[in-house]
Amino acid sequence: KDLGTSNTVVATATGGRVDVVRVRQRTTLSTVESLELFPSCAYARDPSEGEIEPALGETDEWILGEAARRRGREAPTRLAASSKSWVGHARVDKRAPILPWGAEDGPKLSPVDVAARILDRVRCAWNADHPELPLERQDVVLTVPASFDEVARELTLEAAHRAGLVVRLLEEPQAAFYASMPFRGLAEAGVR
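Residues numbered from 1 in each chain as written. Predicted model: local features only at pLDDT ≥ 70, side-chain atom pairs only at ≥ 80, totals over all residues. Heavy atoms only, no water.

1. Looking at the sheet that holds strand β9 (residues 79-81)
Hydrogen bonds between backbone groups are what pair the strands of a sheet, and the pairing can be parallel or antiparallel.
Line of reasoning, step 1. In spatial order, the strands read β8-β7-β9; together these three strands make up an open sheet with antiparallel pairing. What marks the edges here is a single partner per strand, and that holds for β8 (62-64) and β9. Taking the axes of each pair of neighbouring strands and ignoring which way they run, one obtains an average angle of 25 degrees across the sheet.
Line of reasoning, step 2. Pairing of strand β7 (residues 41-44) with β9, which is carried by three bridges, proceeds in the antiparallel orientation. Across the sheet, the residue bridging to A42 is A80, located in β9.
Line of reasoning, step 3. In the packing of helix α1 (residues 66-74) onto the sheet, contacts are made with β7, β8 and β9, and the angle to β7 comes to roughly 60 degrees.
Line of reasoning, step 4. Helix-sheet contacts for helix α3 (residues 111-129) involve β7, β8 and β9, and the interaxial angle to β8 is about 60 degrees. (Pairing = 2+ DSSP bridges. Helix = DSSP H or I, 4+ residues; strand = E, 2+ residues; numbered from the N terminus. Axes fitted to C-alpha atoms, helices over the stretch in contact; angles between N-to-C directions. Contact = heavy atoms within 4.5 Å.)

Laid out in structure tokens, this is it:
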């Protein structure tokens, strides 16, 4: 799984194949679809947007994924994006509610909160589509930038744990190297 700055992507490796998994998500406030990319965005719905039917583990006003990205274009001060970059930022309190950055009012989340919500939403979507194979019982590898220091790595692990996942972190350059290897090489390297 790649909790990306722009998009989160889920892939499985089984029987010598690596497949990208489509993630069920809102594409509008009233539509749910399965897409290969899950935009790493959280959008704080305005009460004037009306009520929506809860879906995929939603518990409050925050919409995640494609619908968040789309709505955020129209109301950027309600969009929390690039949480991964903020988790790695040396000069901000990553546990403080600072996102959406620059927004004067309205709901806010910390970079760690956004990352945890994204991972939790992906977990809920996976579990809805694979009830016999809950994600929290899978070997999950989460990629992180090589530039992440120990604090950013620990905060990423914290976000994963808050989402109910136990993960192994893998630096993105190392993941790219493994991706270029035959599947047998991945297994020998301990990546599943």
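2. Side note on the nonpolar core
Line of reasoning, step 1. The biggest cluster of nonpolar side chains holds 38 residues, and the ones touching the most others in it are V114, L119 and V167.
Line of reasoning, step 2. At the level of elements, β7, β8, α2 (83-87), α3, β10 (140-144) and α4 (150-162) are the ones that each hand at least two residues to this core.
Line of reasoning, step 3. Of all the elements, α3 adds the most residues to this core, at nine residues.
Line of reasoning, step 4. What V167 contacts, discounting residues up to four positions off in sequence, is V140, L142, L157 and A160.
Line of reasoning, step 5. Counting five residues, the second-largest nonpolar core is a separate cluster that includes C41, Y43, A75 and L79. (Core = buried A, V, L, I, M, F, W, Y, C linked by side-chain atoms within 4.5 Å. Buried < 20%, exposed > 50% of the residue type's maximum accessible area, 1.4 Å probe, protein only.)

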